[in-house]
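Overview (structure and organization)
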Amino acid sequence: NTQLPKRESTDIQLLTRYLLTLHLGLFTMSSIQEIKALVTSSEHEVHIAKDALKATERGIEEAYERNRIAKATHDGLVVKLANLKAQFREQIMEDGLKESNRWNEMYYKLLQWKENHDGDVLVGVDKDSDEETKKLSRWVINQRSAYKYFMNGDTKHIKDHRIDALNKMGFVWCVADHVFQANVEELKQYHAENEKFDIPVKENKKLAAFVSRVRTAYANKQEGRAQHDLTDEKIEQLDAIGFKWGFKKSRKKTSSTSTAFDYDTQIALLQEFKNEYGHTKVNKLIKEWQKGEGEPSKKEYRRLPVFLTFARKEYISYVEGQPSLIDAEKVKALTDLGVEWKQPPNVPRKNTGGEASRKKKPRIEAPSHEQDFVAELDVEAELPPMNIPALPSPNIIAPKFDDGQSTMI
């Protein structure tokens, strides 16, 4: 630059810049072409991916359709097998009722009683009932007891086909629940006609007593006292008809429940009773006293049967793991005094009071092929429920496949 004129030096610089710009432009064009080639290649791969996705979606739809058909086939087969099993159970029931035995004789007597008494299957008795009616009533009670054991796994007291026969008749397995349902329906009808739940005793003594019992039981339950008859399901039924519980918030603690289970006082009294009479069979002496055969040395002894009845009821709840006012220490203390406990329904008993308890000569019965065949038709064993897994898809929504009688509440 020092040797060339200033103008020539400037031209050379411009030329150099031009050449550099030209070179850069050629390089940029080459890069753009490469980028375009990459874009074209990417677009081609995207098209391939889209085609693959569509094929996958079609595969998913076909899989869902196969699953739907398989489930429909499965459900249809389950229904057919269930119907077939029901037919064989019906046949076994009919064959069993054709046999000549004591149970069938009493069953047909109950069927005749139902026809003659407007569908009644409770067979209530009173002091004027004849001996045949009393026998039938005891048989009905025995069936309820046997059914309780059956539901707890002890199936030797009543057979399946006999339960089916009684169910077909409309047999009442739990009198307390039956009475409760009847009272709820009657109360619902009364409220619809009178728009109130407070029923005067003079108007309907039975229904008024029912309302009083459920309100008292509900109040006891709210205060933490064990109430085994008024279950949560029964409370929901009464709530569903808009029942007004109407219990007082501040109730006296001297209720019959707390009085009956004043444990310390009553067990001390029971100890005195045993020391005086040598046993704890209070009911036996109560009956003698009621007949005028002697008098108790303490009038408080007359309350001991109430205490023992309540304690035995609480014992059942304690053994079954339900809320109870009795514990292991109290059970031991009463047992040491000689109190005998009533066992829960799942404990085998010595005598059912019915046909199962009668002594019979041992006999060899031919195997029941019908029973074996029905057992083989166990729908759940042959056709387990289908669990169809969810298939993922970005654009497809998976289709949906479709005892004794008492005054308990």
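Structure report, in brief. A quick note: this is a predicted structure, and the numbers were derived from the prediction, not measured.

1. Section: the packing of helix α10 (residues 282-290) against helix α11 (residues 304-319)
Running from N to C, α10 and α11 cross one another at 145 degrees; their axes reach a closest spacing of 9 Å. At the point where α10 passes α11, the crossing takes the left-handed sense. In this structure, α10 uses V282, N283 and I286 to contact α11, whose residues at the interface are L304, P305 and L308. Within the contact of α10 with α11, the residues separate by chemical class into 5 nonpolar, 1 polar and no charged.

2. What to know about the pattern of salt bridges
Tallying each qualifying case throughout the model produces 13 salt bridges. The salt bridge involving E105 is made with K109; its shortest N-O contact spans 3.6 Å. With E105 and K109 both in helix α2 (residues 102-116) and 4 residues apart, this pair spans about one turn of that helix. By relative accessible area, which is 31% here, K109 ends up partly exposed.

3. Looking at the environment of H191
Within the secondary structure, H191 is located in helix α5 (residues 175-194). Relative accessible area serves as the criterion here: at 26%, H191 is assigned to the partly exposed category. For the pair H191 and I241, spaced 50 residues apart in sequence, the C-alpha separation works out to 8.8 Å. Apart from the residues within four sequence positions on either side, H191 is in contact with K196 and F197.

4. Considering a nonpolar patch on the surface
Together, L15, Y18, L19, L22, L26 and M29 give the surface a local cluster of nonpolar side chains, amounting to about 630 Å² of exposed area. Mapped onto the fold, L15 is located in helix α1 (residues 6-97).

Conventions we followed
- Residues numbered from 1 in each chain as written.
- Predicted model: local features only at pLDDT ≥ 70, side-chain atom pairs only at ≥ 80, totals over all residues.
- Heavy atoms only, no water.
- Axes fitted to C-alpha atoms, helices over the stretch in contact; angles between N-to-C directions.
- Helix = DSSP H or I, 4+ residues; strand = E, 2+ residues; numbered from the N terminus.
- Left-handed = near helix turned anticlockwise from the far one by under 90°.
- Contact = heavy atoms within 4.5 Å.
- Nonpolar A, V, L, I, M, F, W, Y, C, P; charged D, E, K, R; others polar.
- Salt bridge = Lys/Arg side-chain N within 4 Å of Asp/Glu carboxyl O.
- Buried < 20%, exposed > 50% of the residue type's maximum accessible area, 1.4 Å probe, protein only.
- Patch = residues over 30% accessible without salt bridge, like charges linked within 9 Å, V, L, I, M, F, W, Y side chains within 5 Å.
- Areas by Shrake-Rupley, 256 points an atom, 1.4 Å probe, with all protein chains shown as cover.

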